[in-house]
Amino acid sequence: MNRLTSPLLKTLLVTSLTVFGGLPAAMAASAATAPAVKADPAKGGALYEAGDAARGLPSCLSCHGAAGNSTIAVNPKLSGQFATYTHKQLVDFTTAHRQQPIMTTYAKMLTEQEKKDIAAWLATQAHKPGAAKNKETVELGRKIYRGGIAEKGVAACASCHGATANGIPAQYPRLAGQHQDYTTAQLEAFKTGTRANSPQMTVLSQRMSPEEMRAVADYIAGLR
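Residues numbered from 1 in each chain as written. Predicted model: local features only at pLDDT ≥ 70, side-chain atom pairs only at ≥ 80, totals over all residues. Heavy atoms only, no water.

Chemist: How would you explain the environment of Ala-155 if you had to name every residue and give the values?
Modeler: With respect to the helices and strands, the residue Ala-155 is situated in the loop between α8 (138–147) and α9 (158–161). Remark: the alpha-carbon pair of Ala-155 and Leu-204, spanning 49 residues in sequence, is separated by 7.5 Å. The contacts of Ala-155, once residues within four sequence positions are left out, are Ile-144, Gly-148 and Leu-204. (Helix = DSSP H or I, 4+ residues; strand = E, 2+ residues; numbered from the N terminus. Contact = heavy atoms within 4.5 Å.)

Laid out in structure tokens, this is it:
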């Protein structure tokens, strides 16, 4: 009798383990593969342009301009920036790694979905080019951007940000056309540690002089 029912018992045991024991694993797998909530650029654009008065959330226009094309030299141009990068910065502003009074307050008021929405909308906006201003240092800026500073161990900016400073999606931001004052300020912030959300930039900036920072920032402003 045991020999006759043994195969049946084995079948029932395997079935039970598959159906009941395997259920939690299947559920976990399903949850792990569930698609993330997609960003909504339209909502992001509306929030960027009008804010949300009911929540005391201001419009981004006054600081970053229409379509993210800031006309204020100390405020960055955001148009055409990779959504992943902009989203990361909004998240970082809520941490100790990147603190700025206005942006930290603003970022903390945004939900995770809103951060993604705004970043997605900005990525679709046409970028207005800038221009280099200092003819006396543009060659130095070009050499640093394209070849680095070998004697100081400063890598070429182009190795990460591309030959024309258009960046690499999900890795390195677009820099082309950015305001000189803003780029210089960020290099200085990395150097002093007041901005600490990129170990690579912290190391590189600490090896650069103020003159070298200004030169490369001016060169970047003229790239397209």
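Let's pick the thread back up.
Chemist: Lay out the pattern of salt bridges with the relevant residues and their values.
Modeler: All chains considered together, the criterion is met by six salt bridges. Glu-114 serves as the salt-bridge partner of Arg-55, at 2.6 Å between the closest nitrogen and oxygen. Of this pair, Arg-55 sits in the loop between α3 (41–50) and α4 (61–64) while Glu-114 sits in helix α7 (residues 112–123), and the two are 59 residues apart along the sequence. Residue Glu-114 is classed as buried on the basis of its relative accessible area, which comes to 15%. The closest approach of N and O atoms between Lys-152 and Glu-212, which form a salt bridge, is 2.9 Å. One end of the pair, Lys-152, is in the loop between α8 and α9; the other, Glu-212, is in helix α12 (residues 210–221), with 60 residues separating them in the sequence. Overall, the relative accessible area of 12% leaves Glu-212 in the buried class. One network of salt bridges, with partners in common, ties together Asp-52, Arg-55 and Glu-114. (Salt bridge = Lys/Arg side-chain N within 4 Å of Asp/Glu carboxyl O. Buried < 20%, exposed > 50% of the residue type's maximum accessible area, 1.4 Å probe, protein only.)

Chemist: So what's going on with α7? Residues and values would help.
Modeler: End to end, α7 covers 17 Å across 12 residues, agreeing with the expected 16 Å (1.5 Å per residue, within 8%). Of the residues making up α7, those classed as buried are Glu-114, Lys-115, Asp-117, Ile-118, Ala-119, Ala-120, Trp-121 and Leu-122. Buried residues along α7 sit in contact with α3, α5 (83–92) and α6 (101–109). (Expected span 1.5 Å × (residues − 1).)

Chemist: I'd like a description of the packing of aromatic side chains, backed by residues and values.
Modeler: A complete count under the given rule lists two aromatic pairs for this structure. Aromatic side chains Tyr-48 and Trp-121 sit 5.0 Å apart centroid to centroid with 40 degrees between the ring planes, which places their arrangement in the tilted category. Taken together, the positions of Tyr-48 in helix α3 and Trp-121 in helix α7 put the pair 73 residues apart, joining distant regions of the chain. The class of Tyr-48 is buried, set by a relative accessible area of 1%. For Trp-121, a relative accessible area of 11% gives the class buried. On the numbers, 5.9 Å between centres and 50 degrees between planes, the contact of Tyr-145 with Tyr-219 is tilted. Here the residue Tyr-145 occupies a position in helix α8, and Tyr-219 occupies one in helix α12, the gap between them amounting to 74 residues. Tyr-145 sits in the buried class, given a relative accessible area of 0%. (Phe/Tyr/Trp six-rings, centres within 6.5 Å; stacked < 30°, edge-to-face > 60°.)

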